[in-house]
Amino acid sequence: PPRHFRNDHLLPEKKRSYTLFVLAGGTFIFLLYALSLFFVGATISVYPKQSTVPINKAFLVSKSGPTPIHFETIEVSAKESVESQATGLKEIKKKATGTIIIYNSYSSKTQKLIKNTRFETPDGKIFRINNSITVPGTSIVGGKVVPGNIEAVVSADEPGEEYNIGRTDFTIPGFKGDPKYEKFYARSKTDMKGGIIGNVYTISDEDAQIAKDTLEKRLKETLKKEAIKNTPEGFVLYDTGEFFDFADIQTVGKEGEKVVMVEEEAKLYAVIFKRNDLAKYIAQISVPAFDGSPVTSPNVENLTFSIKNKDTIDYQNMNSLEVTISGTANIVWLFDKDGLLADLRNKTKKEFQEMLSKYPGIARAELVITPFWARKFPDDVSRITIKTVVN
């Protein structure tokens, strides 16, 4: 027999197997490609326009007047206490004090109440306001008449523990016989306390001053933290825009113990500004040829801020202030992120730069689409990620 021979009858079968293998592989690759298109994603790194500018400007701000910037105010309160060793007994006479809220449902006009105006509880106890106040008039909210109201500190007419009472309602005896009597009233905001006649343990003036210094340091720290927590998002709070109001310390002797509890309450009033309003004003006066576009400033809270004649300001009734801002501000242009997302839906890579030209606040942008062979943005905007890059 010959030494070599060919199995020609097997060749067609091998060719068919190879062809099927190629077809299966091609089909798999095509399906993988088609399937990948359902998971197209895009990430865009946006570099907005930026400008770093020096600023040293004094200007007027107000709550609602014709000034370049308006401010808002926040108010927070806190209470702290420390114990101090008693140094002796002392006979004292103290009047109970507390805070009430006075309501005016009589008229839309304001009503002035002079210092020592009397307020009476249902059982006949008399308390007097410590300072003259003006009660706001009524207002219309949602078609309903809303009484004007204001808080006031009151003191008992006489010293003694019988005036240490809980929350209650008050009338104004001076309005008896007048229609105002039924329309002006007050309600407790706090208990009335501190009234006493008798011998109590006390501390020396030196110890009282030490306790006061300790309490005020604690109160400042507590109030600053509370002020930060109460500053709304998008607003800037400067330490130098804060005002502290410390009440007199109260000493309370512990029964049967030669220990005195020293208490102090305080409030913090502060002016706050919208970050973007500050940034826009700085851009208007410092950026050459600024066109009024929306801007922000990520470092505006680091600028030096001061209030003219701060020590003489009635911080409980601030309406306008002269302030100075100085330092170096980083101005960053804003762009409509949602609008850009909507514009990019189902667009091709070639159309990307054309879309960016609609957003003057963008200096440049970098695009990554996955998988790399995809040529269009996904139709689902949730698969498009925009990252803003600020230097």
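Residues numbered from 1 in each chain as written. Predicted model: local features only at pLDDT ≥ 70, side-chain atom pairs only at ≥ 80, totals over all residues. Heavy atoms only, no water.

Participant: How should I be thinking about the overall build of the protein in this particular structure?
Facilitator: A count of helical and extended segments in the protein gives six helices and 24 strands. Split into buried and exposed, the 391 residues of the protein put 38% on the buried side. Taking all contacts inside the protein whose residues are at least 6 apart in sequence as the whole, residues at least 24 apart take part in 76%. (Helix = DSSP H or I, 4+ residues; strand = E, 2+ residues; numbered from the N terminus. Buried < 20%, exposed > 50% of the residue type's maximum accessible area, 1.4 Å probe, protein only. Contact = heavy atoms within 4.5 Å.)

Participant: Is there a simple way to think about the sheet that holds strand 1 (residues 41-48) in this case?
Facilitator: Hydrogen bonds along the backbone pair up the strands of a sheet, which may run parallel or antiparallel. The strand order 23-1-24 describes an open sheet built from three strands, whose pairing is mixed. Every interior strand has two partners, whereas the edge strands, strand 23 (362-370) and strand 24 (384-388), have only one. Each strand axis lies, on average, 20° off the axis of its neighbour in the sheet, ignoring direction. As judged from the five bridges shared by strand 1 and strand 24, these two strands associate in the parallel manner. Pairing of Ile44 across the sheet is with Ile386, part of strand 24. Seen against the sheet, helix 5 (residues 337-344) touches strand 1, strand 23 and strand 24 and runs at an angle of roughly 145° to strand 24. (Pairing = 2+ DSSP bridges. Axes fitted to C-alpha atoms, helices over the stretch in contact; angles between N-to-C directions.)

Participant: Is there a simple way to explain the side chain of Thr117 in this structure?
Facilitator: Along the chain, Thr117 turns up in the loop between strand 7 (111-113) and strand 8 (118-120). When residues no more than four places from it in sequence are discounted, the contact partners of Thr117 are Phe127, Arg128, Ile129 and Ile172.

Participant: For this particular structure, what's the right way to read the packing of aromatic side chains?
Facilitator: Evaluated as defined, the whole model comprises 15 aromatic pairs. Consider the rings of Phe59 and Tyr281, whose centres lie 4.7 Å apart with planes at 50°: the pair is tilted. Taken as a pair, Phe59 in strand 2 (residues 50-62) and Tyr281 in helix 4 (residues 275-286) lie far apart in primary sequence, 222 residues in all. Across the pair, exposure class does not vary: Phe59 and Tyr281 are buried alike. An aromatic cluster of three or more residues is present, and its members are Phe71, Tyr238, Phe273 and Phe305. Seen from the ring of Trp333, Lys49 lies directly overhead, with NZ or CZ sitting 4.9 Å from the centre. The aromatic ring of Tyr47 is capped on one face by Arg364, whose charged end is 3.8 Å from the ring centroid. (Phe/Tyr/Trp six-rings, centres within 6.5 Å; stacked < 30°, edge-to-face > 60°. Lys NZ or Arg CZ within 6 Å of the ring centre and 35° of its normal.)

Participant: Even after reading the chapter, I still don't get the sheet that holds strand 13 (residues 148-156), so can you show me in this structure?
Facilitator: Pairing in this open sheet of six strands is antiparallel, and the strands run 8-9-13-6-15-14 from one edge to the other. Looking at strand neighbours, the two that pair on one side only are strand 8 and strand 14 (169-170), the edges of this open sheet. Summarising the sheet, strand 6 (residues 97-104) and strand 15 (residues 184-188) pair through five bridges and their orientation is antiparallel. The partner of Tyr103 across the bridge, within strand 15, is Tyr185.

Participant: Is there a simple way to explain the side chain of Asn330 in this structure?
Facilitator: Within the secondary structure, Asn330 sits in strand 22 (residues 320-333). Judged by its relative accessible area of 11%, Asn330 is buried. Not counting the four nearest positions on each side in its chain, Asn330 is found in contact with Gln50, Ser51, Thr52, Thr296, Ser297, Pro298, Asn299, Val390 and Asn391.

Participant: When you look at the confidence of the model for the protein in this model, what are you seeing that I'm missing?
Facilitator: Detailed conclusions should not be drawn from predicted coordinates in areas where pLDDT is low. On average, residues of the protein score 90 in pLDDT, and 90% of them are at 70 or above. pLDDT under 50 marks residues 31-36. Its contacts with residues more than four places away, or in other chains, come to three contacts. (pLDDT = per-residue confidence, 0-100.)

Participant: For this particular structure, what's the right way to read helix 3 (residues 205-229)?
Facilitator: Every α-helix winds through 3.6 residues per turn, so residues three or four apart in the chain are directed the same way. A rise of 1.5 Å per residue sets the reference length of helix 3, with its 25 residues, at 36 Å; its end C-alpha atoms lie 36 Å apart and thus fit the reference within 8%. Regarding helix 3, the residues found buried are Ala208, Ala211, Leu215, Glu216, Leu219, Leu223 and Ala227. Elements that come into contact with the buried residues of helix 3 comprise strand 4 (72-85), strand 17 (235-246) and strand 19 (259-274). (Expected span 1.5 Å × (residues − 1).)

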